[in-house]
Structures are given as C-alpha cells and as structure tokens.
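So the chains spell out like this:
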Amino acid sequence: MEMAEGDDEEFGFSRNYFLAKELDGSGKKSTRKLSDIDLVDEQELRAAASNLEPKHAKEVRELMNSYRSLYPKWLFELRCGFGLLMYGFGSKKALIEDFASTALTEYSVVVINGYLQSINIKQVLVALAEILCDQMKNKRSNTSGNMPKGQQPFNSKSVNDLLAFLDGPQVEENDCFICIIVHNIDGPGLRDSETQQILARLASCSHIRIVASIDHVNAPLLWDKKMVHTQFNWCWYHVPTFAAYKIEGTFFPLILTNGNTTQSAKTAALVLQSLTPNAQSVFRVLAEYQLSHPDEKEFKDHELVKTRRDTDGQDCLYIPLTAEALGKLLLEIGQ
Amino acid sequence: MTPSPAMAASDLASQPPSTAPDSSENDNIQPFYVLHKASSSRNSHRKSAARRIDLSPSKPAAAKAQVDARKAFESVWSKIHSSIKDVLRDVNTNVFNEIHSWVCQSFLAITSSGVPTFAQATRSFPIQTHTTSKQLFTGLVLIKNMEFVDDLLTFKELGLCLKSHGCHVANVSSVDILTKNGVGGCLRSLLRQFVMGNLDAADVSILASWYRELGNQNSPVIIIIDDMERCSRSVLSDFILMLSEWAGKIPMILIMGVTTLDAPRNVLPSHVLQQLCPSKFILGSPAERMNAVVDASLVRWGSGFCIGHKVAIFLRNFFLNQEGTLTSFIRALKIACVQHFSMEPLSSILGLLAEEDGEGLQGERLALSSKVEAQTDSKLALGLTELMHSQKCWSTVVMCLYEAGKYNKVQLLDLLCEALDPDFYNSMASKNQTRSGKGFEISSSSDHFMARLNLRKGGPIHQAIQKVRDLPAASLSQLLKSWENLSMDILEIYDKVKELQRMVKFEEGKSLKQDFPDLAKRHASRSPANVKESKTINDKAATLISTMIRDFMKPIECVPYHEVVCFKDVEKLKSALIGDPRRMIQVDLLEFHKFLQCSCCSKHCDVLLPSMPDTSIMYTLAQEHGDLINLHDWFQSFKTIVVNCSTKGKQRKGQQSPLPKKRKDTNENQNEGEASIQARFCRALTELQITGLIRMPNKRRPDCVQRVAFGL
C-alpha cells in the first residue's frame, strides 16, 4: 500500500516535470524582455519596497502566537539533548527569538545570522567558550573549589580544542548548556561543507544545544547521515509563519532594477560595518586604487574582494563592484 | 538585552511574538551576538523551579512535571541505550577477540626483531634495517553496512576493547585525513590522542619519545582509521608511508574499516600497498545487529517503554524503505520516547519503574514496589501490575516464536510488527469466544489451532509455527531447550514446555531402544513409524506455541492502562523525525489558507485573489509555466491579479473570477502604485529565491527564471 503511494508520487513528479518541459517547448515560448517592463526609478522602487504594507498582519500574528503552546515541548526536547530544526514558509527569526527570550531565559543564548554573506565560525566558537567558561566559574564560586587559573586565552586555541572544551563533561544533572540559534543554517554564510561539519560537531557538544531554521527546499542535502543522526540530532518542526523575509531578503538584489548598483553598494556597506575599522580602511585603500585603475573590471559575484591571477602569474585582489557602486560605497563608508 | 524574569512573564501575556524580541537593527547585521546570558538564579534549584512557573503562570504544576518527565525520560532512555550498546558489543565480541589476538601476535612479531635503544628510537631519521621491518601490520575490518554511520560506534568500541587490553589506541577518521591539512593533520590528531598535550609542532619523533618515556613498551600502538575509503588518497598514502618509516621504532599496528577487500588496492598506490601486511576480519551482518537491537529495546520488558502497532510498522518501513541504518532506527526510537514523555502526563511513573532496575520484574509474581505504589492510586497500581505481567508473557511468547523463526530466517522486527497488531488479537479473541475456553490442549492437532489463530498466511508468525512442525528432531529439542530458558519466569508456559521435553526424551529413548538391538536395521526403522512419531512431537510443539500465542501474546494496545507506557502517535513521530521541506514549503504557499485562515481570501487557494500573500500568488501563477518562466509575462500576470484589487475588487468584494480584466488607470498616484507593485513583485521573487523554488536569471537567459520543483 505504502509502496504504491510512493510510486504514485514518483509518477506524479515525473509527469509534472515532463508536462512543464512540454509547455516550454510548445512553441509559445515568450520572448519578451525584462526591459520591456516600464520600470520605475530604482530609488523609487527601493522606497516602495521598504514601505510595503504587510498582508494578513493579524493572521500572521495569530499564527505565530499559536506556536507558543509548543514552547514547553521544544524546551523539553532541547533539555533531552535534541536539536530543533524549524522549517516552513515565512521568516522564522522573530518566532525563534521569541521562544528564546521567553522559554530559554535560564540558559545563555547566542544568535548566529546565517543569512549574512560571511560568518567567521571560529569567532563564534571563541565566544561560546568564553560564555561557558564564565558560567562554570560562577557555578564553582557558588559551590566550592576554584577554577584553575592561567589558562591560554580562547582566541589562540584551535577549533578542535575549542570544540573539545565545549564538549567537556557535564558537572551536575546534565543541564548546563548554551543554546545557539542559527537563523538560516542553510544560508550563504554557512553553506559550505566545512562550516557545516563544524556546526555539526558543535551541535553534538555536551554543553551546546542548537535551534536552527532552514528556508531552502534542498537544505537537507547539506548533511550526511552521520551529521543528521549522530550530531545535529534534529527534531523537525513545520512552522510556517508567512512573515516577510525582511532582513533575510536584504541581501538579495531586486530583480526589477537596472544594474543594481545601489543594492550591491548597500549590502557591501552592511558587511563592511561589521568589520573592524582597520579592515574598513584596507578596503577603502583597495577601492580607491581600483577606481583609479578603471581597466580592471571583470566582476562576477557579489562578494567584496576576489583574487585574480595577473599576466605575471601573481594574485591580485580586487573588489567586484562597478565603478559607480564603488563610488557610492566609498561615499557611504566615508561618512 | 537580558529581560528580567518578571518581565518575561508579563511580556508573554501582553505582547505578540513578532514584537517581543526587540532585536535591534544592529544585531541583525552582526554575524553573531549574545541574545542573553544565563540568568544567575540557575544555580539554585528552588529559584529555577520558580522561573519555570513564571513561564506558564496558568499551570504552576507544569514546571515540576516537566522536570520529572525529563528525569523519567533520561532514566528510561539511558536504560534502553545501554542495553542496545551491550547487545551490539556482544554481536562484535567474537570479531573483537579475533582482532585482539591478531594484535598480540603482530606485536610479538614486531618486537621479536629487537627493540631499538632510546637514542635510536627518537632520532628523527629512520634507522637502517631490513625492509620487512618497515612493513605495517594492517587489519582490514570488512563492514557490511550500506552506510558507514552504523559502524562509527563499532570502531569506537573496538578502540575501547583494545584499550582495556592495555593497548595504546587512537581513532582517526576521514575528517582528520584531508588534503587541506596534509599529513600534519593526521599526525596532530595522533599526538592529541596519545600525548594529550597541546602541541604546535607535528613531528613523529614526539610520538617516539612519548612511547619510550612512558615506559609502557609492553604494549602496541594501534591506529584505527574507521573509514579509509573516504580519506584523501594522497594524504592517506603519505600517512602510511610515514608510519611505516617509523614502524621499526614504534610498534604501530594499523586497523582500517573497508567496505570491500579491494579497497586498499583501489585507494592506495602500489608502493604504499607494499608497506602493508594485511589481515582481514569480518563484522556481524546488519540483520544480525538489527535483531539484537529490536530484542534489547522493544521485545524484552527492560525499560518499560513500549511502542504501538502503527509506530512499529512505521519504524520498520522507515528502516527498510527509507533510511536503512541502525543508527537512524535507534534515533527514531529515541524521538518516539521523548515524544511520549512530553505528551503523556503519567509517563513519569515509567521513570520510577525504570529506576527500579527490573526488581519487580523478577519471578513469576510481579509487583510494583512500594515507591511506585505510593505515587499512584491503587487502581492504577493494580492495572500497571497486570500490564507488566501481560507484557512479560507477551515478550516471552514473541521470543519463543523468534527462536523458531530463526530456522527460517524470520526477522525479529517483522515478527514484532505482527505480534503487536491489536486487530490480529481481537479477531482471534472473538473467534475463541464462540468456540472453546482457555486452556492447553497439547493433544489436539496444531492445524486445528492454527486455523483458529487467524494467522496471516506467510506472515512471520505463520512461518515460525510452520517451521516448528518441520524441524528435525535434534533441532526441535534444541528449540525446546531455548523455550525452557525463555519461559523460566512464567510457570504456566514453563510447565508445558517441560512436559513436552519429557515426551521428546521418552520418544528418543524408545527409538534408541528400537535401534540399539540391530544397527543394520536402523536405517529402515527411521522411516514410517518413527517419522510419524517425531511428527506428532513436532505437531505438539506447534500446538503449544499456538496456544501460547492465543493465551499469552496479548498486544500492548489491548491491555488496560497501556497509554502510560506505550507510544502510539505515529504522526507526531513522523513529523519530528522526517522533515520534508521540499514538499511542505510548496504546500504552505499553495494552501496558505489552511494556516492563515483569513476571511478575505478564498478557501480554495487556486482561485487567485488580490488579498492573497504575494508570494502565494506568484507561486500559483508559476505552476502554469514550463520549467522556464518569462519574467515579463510573470510580472504582467501578477500585476493583473493585484491591480484587480485596487479597482474592481473594491466594487465587488470576494469576486471569484481571476480572469484578467482591463486595467482602469484612473488612479492619480498611478506611478506610486506602479512602484509598489514592482516592489511587491521583487520581494515575492526574492522570497521564492530564498526558498530555492526558483533559480534566478543568468547570462544565457537574462529574462527567465527557472523552476526547480515540479509537483508536490
């Protein structure tokens, strides 16, 4: 019976696929261009985009409220050593943070914004180790005995050592953990396999629990069986919120703009803001240099800096932004 | 940022979740940040309990209940888990012993060629010796699983086993043997495990001096690589070459997990292969392990936690059709367990039962201890006592059946599914009511009984009984012996088995007497008369097991109070275990009304209305396109739907027609409207991009997006 159902699904899928292909090849393929649309001015479009009235605000709020009855269950599962994985359409950022702010007050909570373009996972580990260390110190001073002093600072420890520290033995009743919230664990800044491996190892640490969200339909492909069953140990929750992907969407270009210069400058500025002043000035120097040498302009992606091999075989750094965007960006970070 | 506990409680009542966590703009663009630190009151038990009460002011008892439930879960699960680990270790015992004696022999062979002096051994260049001393003794452990994940534990256990025999052991896996880290990465991993210190320099000579200084030269150094086929080939080759260079100085023995015996030849170049002196070992089969795990976790009444019939069927299909690994099966069981404890208020009793360590389960008369009785009302306590007895009987019969089924390669999980089926039991019970009463009738024919049991033809139980009837005499008496052992605690069954065993002995004696006087006639005497006699014994055994089924194999779901110990909610388990984002996200978009339940949109989401979520409109429209969607067309149809709202929609509310109507451009701020429509289109597209349901235009197709999912 179940097999037959599976087959049906399979059949449905392939039929749909070929129907779609057929539709495409039936000669009625539209050749109209994006540029045929009477596009409004980019500034105006951005202004409109930021002022959009959300639809169903009341229903969305009620839907999110309805998930509150699940909080005790989620907490229970975290305590029992599971990770929580939230999926379903709509931004789950507010939902998860609400859960953390109301139900996880007795645990430290660290948020990782996986929707950002780049995240230094080692820094996260260092921060987590510091929090845990503090927590253990507090605990010890409250009971008895003291912490061995004169430790190496966490900054200079390797990823392995940091993970080993976070995976240390539980002192009492197995309930001393830090909860990490990973918004968009399938996001661009975390998508590479090395980071996922580290996250998986992190999730399996005795002092760590993880609550994460995914939005991409293919997100499970990021993990192998070892990660899923022995490390992340997910309990899945289908919690569609229909809330707008406001912050998560910031880093995507608006399709109906010509060239997207404002957007790329804006996202680049956002990323730059999170860097140290030193790093910012290095970027500024690089940007100014590139602007004064306008011949170099082969840009591929939305990343900040790329390397390219020049004719002598040496690696060159460059910023993959148009001269215009770069100018705007310089103005913005110059302020 | 840290909210006070009182705040949290009042927030909960007043504020909606979308506004409660007031994460500032700045936090949103930080790669990571601390939302709040653990409240300091955590350390005190009383206060933390009070906090939990704060969390749900309406139910002050809820917090305590949750603490109890978690403790109950932990004691129950740790019991299940440790018994699973035990049986898996037992499955491996023979191979592990074999490996250990090979290790001893290899160590003897290495050390017999002479031990280098300390100075020689720690010198950073190799000593010149005969080439054979550079050979590494290598144990190839053949794993039979499709997926590697099931063997992780095996190799960990192997390491522990060898350690317990005094060997120095390091477990290395493909994560350590990466091209990126080179051979230094593997070495660092070894040093971390052997020398334990925090070492920056990765040098084998450190390992050599560690080995010498330790004064522990009586034991070998064993390196276990659990998944050699997944390692970087070049790094693994270098690593092996390096180890072999030092083989004369440190008695190193390599153990590698492989899926085929050809693996080393496929992975390693010949000059590296020459350094290996291989021996092979074979691990137990997945089926063998699965049976052991099912026995330990689900059949024997050990932890008290049970699953219902539907859950068992689901777990079986999940294993056979979907995941195929023991690890995922055990995890599914753990999720079932945690779901049970979070849903069933009485489940904490189960924790008490588990803590008792099965004391009350010994002997024929089962009784709840005073501790449990004190916490439950007398009716429930009585019910639970009966339930425990019933379960004990059930598991005995299932195990007896399994012993018989083993001769026919019946899998315990299949047997379990059938034995848990309440329908099977109920139909049998109703049939029996109309016929004869309870009681053993060993004398009557087993055919008669089997007909009454209403068994599924060819099902595992049917197969097992059939096998009992066909077993040769020697196997049959073995089987009866195992039944005797299994039924030790249940006199009603035990006595009958004993009686049957006496009959067998008597028959054997008879045939022996017949045979003895004339050996030449032996062959002839085996036929008709004897065969018939042994057949009647077989038949009696089959009748016995059939009556055992009828009288004692009561599925848990047919026993009163089973809800306390038995998890039945298969849907909950399914959704927590298997996320299906690919399907569900599409369903969310296409059937949004199920969730939002608004009054403005039609319940049937295929009728497009302007009030619908933009992304839902867009995705529904996308269904009509091929695998490529022309952005211009898509925008136009989106606009048609949306504009419909601002003009037509106002006049005729709730109109059903999604048909394009001519746009009335009478609006004064038409341009503003246009900008907003374009912005909405862009945002919906971005949201679809975030979900991965479409791929954005590329250079080759600047005007089209590509659909990724077709059908649900």
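Presented here is an overview of the structure given in this document.

Cut-offs and rules
Residues numbered from 1 in each chain as written. Chains lettered and ligands numbered in written order. Predicted model: local features only at pLDDT ≥ 70, side-chain atom pairs only at ≥ 80, totals over all residues. Heavy atoms only, no water. Phe/Tyr/Trp six-rings, centres within 6.5 Å; stacked < 30°, edge-to-face > 60°. Helix = DSSP H or I, 4+ residues; strand = E, 2+ residues; numbered from the N terminus. Buried < 20%, exposed > 50% of the residue type's maximum accessible area, 1.4 Å probe, protein only. Lys NZ or Arg CZ within 6 Å of the ring centre and 35° of its normal. Pairing = 2+ DSSP bridges. Axes fitted to C-alpha atoms, helices over the stretch in contact; angles between N-to-C directions. Contact = heavy atoms within 4.5 Å. Salt bridge = Lys/Arg side-chain N within 4 Å of Asp/Glu carboxyl O. Polar contact = N/O pair within 3.5 Å; in protein donor to acceptor, adjacent residues only side chain to side chain. Nonpolar A, V, L, I, M, F, W, Y, C, P; charged D, E, K, R; others polar.

## Describing the packing of aromatic side chains
Applying the stated criterion across every chain, the model contains 23 aromatic pairs over all chains. Note on Trp 74 of chain A and Phe 99 of chain A: the rings are 5.3 Å apart at their centroids and 85 degrees apart in plane angle, and the pair reads as edge-to-face. Placement of the pair is Trp 74 of chain A in helix α4 (residues 71-79) and Phe 99 of chain A in helix α5 (residues 93-103), with a sequence separation of 25 residues. Assessed through its relative accessible area of 0%, Trp 74 of chain A is described here as buried. Both rings, one in Phe 635 of chain B and one in Phe 681 of chain B, keep their centres 5.1 Å apart while their planes meet at 80 degrees; by these two values the pair is edge-to-face. Taken together, the positions of Phe 635 of chain B in helix α29 (residues 631-651) and Phe 681 of chain B in helix α30 (residues 670-691) put the pair 46 residues apart, joining distant regions of the chain. Summarising the burial analysis for this pair, Phe 635 of chain B and Phe 681 of chain B share the class buried. Aromatic ring contacts, followed pair by pair, group Tyr 71, Trp 74, Phe 99 and Tyr 237 of chain A into a single cluster. Here the basic side chain of Arg 209 of chain A rests over the ring of Phe 177 of chain A, its NZ or CZ set 4.5 Å away from the ring centre. When the ring centre of Phe 82 of chain A is taken as reference, the NZ or CZ atom of Lys 334 of chain B above it lies at 5.3 Å.

## Comments concerning the sheet that holds strand β5 (residues 252-258) of chain B
All names here are of chain B. Spatially, the five strands line up as an open sheet ordered β3-β4-β5-β2-β6, and their pairing is parallel. If you trace the sheet from one side to the other, it starts and ends with β3 (168-172) and β6 (276-282), each paired once. Geometrically, the sheet is characterised by an average inter-axis angle of 20 degrees between neighbouring strands, direction not taken into account. Inspection of the sheet shows β3 paired to strand β4 (residues 221-225) by five bridges, in the parallel sense. For His 168, the partnering residue across the bridge sits in β4 and is Val 221. Lying on the sheet, helix α7 (residues 182-194) is in contact with β3 and β4; it crosses β3 at an angle near 140 degrees. Along the sheet face, helix α9 (residues 233-245) touches β2 (136-142), β4, β5 and β6 and points at about 170 degrees away from the line of β4.

## Some thoughts on the pattern of salt bridges
According to the stated counting rule, one finds 27 salt bridges over all chains in the structure shown. Taking the shortest distance from any N to any O, the salt bridge between Asp 98 of chain A and Arg 68 of chain A comes out at 2.9 Å. Of this pair, Asp 98 of chain A sits in helix α5 while Arg 68 of chain A is found in the loop between α3 (57-66) and α4, placing the two residues 30 residues apart along the sequence. A relative accessible area of 0% means that Asp 98 of chain A is categorised as buried. Asp 151 of chain B is the partner of Arg 289 of chain B in a salt bridge, and the nearest nitrogen-oxygen pair spans 2.9 Å. In this pair, Arg 289 of chain B sits in helix α12 (residues 286-299) while Asp 151 of chain B sits in the loop between β2 and α6 (152-164), placing the two residues 138 residues apart along the sequence. For Asp 151 of chain B, a relative accessible area of 0% gives the class buried. Residues joined in a network through salt bridges with shared partners are Lys 55 of chain A together with Asp 614 and Arg 680 of chain B.

## Focus on the sheet that holds strand β5 (residues 234-238) of chain A
As summarised here, the arrangement of the six strands in space is β5(A)-β1(A)-β4(A)-β3(A)-β2(A)-β1(B), forming an open sheet in which the pairing is mixed. Two strands lie at the open edges of the sheet, namely β5 of chain A together with β1 (32-36) of chain B, each paired on one side alone. In this sheet, neighbouring strand axes are inclined to one another by 20 degrees on average, regardless of whether the strands run parallel or antiparallel. The sheet contact formed by strand β2 (residues 108-113) of chain A and β1 of chain B spans four bridges and is antiparallel.

## Focus: helix α28 (residues 614-622) of chain B
Counting buried positions along α28 of chain B yields nine of nine residues, so the element is predominantly enclosed. All buried positions along α28 of chain B are accounted for by Asp 614, Thr 615, Ser 616, Ile 617, Met 618, Tyr 619, Thr 620, Leu 621 and Ala 622 of chain B.

## Observations regarding the interface of chain B and chain A
Of the residues lining the interface, 118 residues belong to chain B; the matching set on chain A comes to 116 residues. If you look at where chain B meets chain A, you find three salt bridges. Notably, a salt bridge pairs Glu 194 of chain A with Lys 180 of chain B, separated by 2.7 Å at the nearest N-O pair. Counting the contacts that link chain B with chain A gives 32 residue pairs in polar contact (both at pLDDT 80 or more). If you tally residues by element for the side of chain B that touches chain A, the top one is α30 of chain B, at 16 residues. Partitioning the side of chain B that touches chain A into residue classes produces 54 nonpolar, 36 polar and 28 charged.

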